[in-house]
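Take a look at the letters that make up each chain.
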Amino acid sequence: MKQAIIALGSNLEQPVSQLQNALAALAAHLQVQVLATSSFYRTAPVGYADQPDFINAAVLLATDLPAVELLALLHQTEATAGRVRSFRNAPRTLDLDLIDYAGQTLDSPALQLPHPRAHQRGFVMIPLAEIAPQHILPGQTATAAELAAALGNEGVQRLDGTES
């Protein structure tokens, strides 16, 4: 099995429930094993600011699925949650990004590995640092914990588990 890192995000239609449902759907897949899930974080929107805050998390998986099939599973899970792709950085019911797949690098129209902007985003690196602090994304020299610390936690707040 190969390890993969997925970043989860939602800011529409009960975001906490959207992430919980997505995690359950991934865990229920026969070729996916959830190894670790981060806490949920409330984060300020990036790119398009006139929208609600996001709820974000990260999950570490083991899977027999090839990267493109895992991506297809993520897109199907988004579609089931009602994801509509209206414009870049738009509000969304569910966003599942394949951040890393077994340390592979890939640059195709369908998939870029690692995710090209993950190392620049606190809402990805802070949850990732929680579950895999020593993980190094391909092309980077710093660990997830080091990148998270360098990015800082401005606009990123860990939920206490009672918020919905």
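None of the values given here were measured: they were computed from a predicted structure. (Residues numbered from 1 in each chain as written. Predicted model: local features only at pLDDT ≥ 70, side-chain atom pairs only at ≥ 80, totals over all residues. Heavy atoms only, no water.)

What follows deals with the pattern of salt bridges. Scanning all chains against the criterion turns up four salt bridges. The structure contains a network of salt bridges with shared partners spanning Glu78, Arg83, Arg85, Arg92 and Asp95. (Salt bridge = Lys/Arg side-chain N within 4 Å of Asp/Glu carboxyl O.)

Another point: the UniProt feature "domain: 7,8-dihydro-6-hydroxymethylpterin-pyrophosphokinase" (unreviewed entry) in the protein. Summarizing the sequence annotation, UniProt attributes the feature "domain: 7,8-dihydro-6-hydroxymethylpterin-pyrophosphokinase" (unreviewed entry) to residues 88–99 in the numbering used throughout. Helix makes up 0% of residues 88–99 and strand 42%, with an end-to-end C-alpha separation of 18 Å. (UniProt positions renumbered as here; feature names shortened; annotations may be inferred. Helix = DSSP H or I, 4+ residues; strand = E, 2+ residues; numbered from the N terminus.)

Attention now moves to the environment of aspartate 95. Assignment of secondary structure puts aspartate 95 in strand S5 (residues 95–101). Taking the C-alpha atoms as reference points, aspartate 95 and isoleucine 6, 89 residues apart in sequence, are found 9.8 Å from one another. Beyond its immediate chain neighbours, meaning those up to four positions away, aspartate 95 contacts Ala7, Leu8, Gly9, Glu78 and Arg83. At 3.1 Å, the side chain of aspartate 95 and the side chain of arginine 83 are in polar contact. (Contact = heavy atoms within 4.5 Å. Polar contact = N/O pair within 3.5 Å; in protein donor to acceptor, adjacent residues only side chain to side chain.)

As a further point, take the nonpolar core. Formed by 28 residues in total, the largest nonpolar core has its most connected members in Ile6, Leu8, Phe40, Leu70 and Leu98. Contributions of two or more residues to this core are made by strand S1 (2–10), helix H1 (15–28), strand S4 (54–63), helix H2 (67–80) and S5. Beyond its immediate chain neighbours, meaning those up to four positions away, leucine 98 contacts Ala4, Ile5, Ile6, Ala67, Leu70, Leu74, Leu111, Leu113 and His115. Core analysis: the second largest hydrophobic core is formed by 21 residues, Ile5, Tyr41, Met125 and Ala129 among them. (Core = buried A, V, L, I, M, F, W, Y, C linked by side-chain atoms within 4.5 Å. Buried < 20%, exposed > 50% of the residue type's maximum accessible area, 1.4 Å probe, protein only.)

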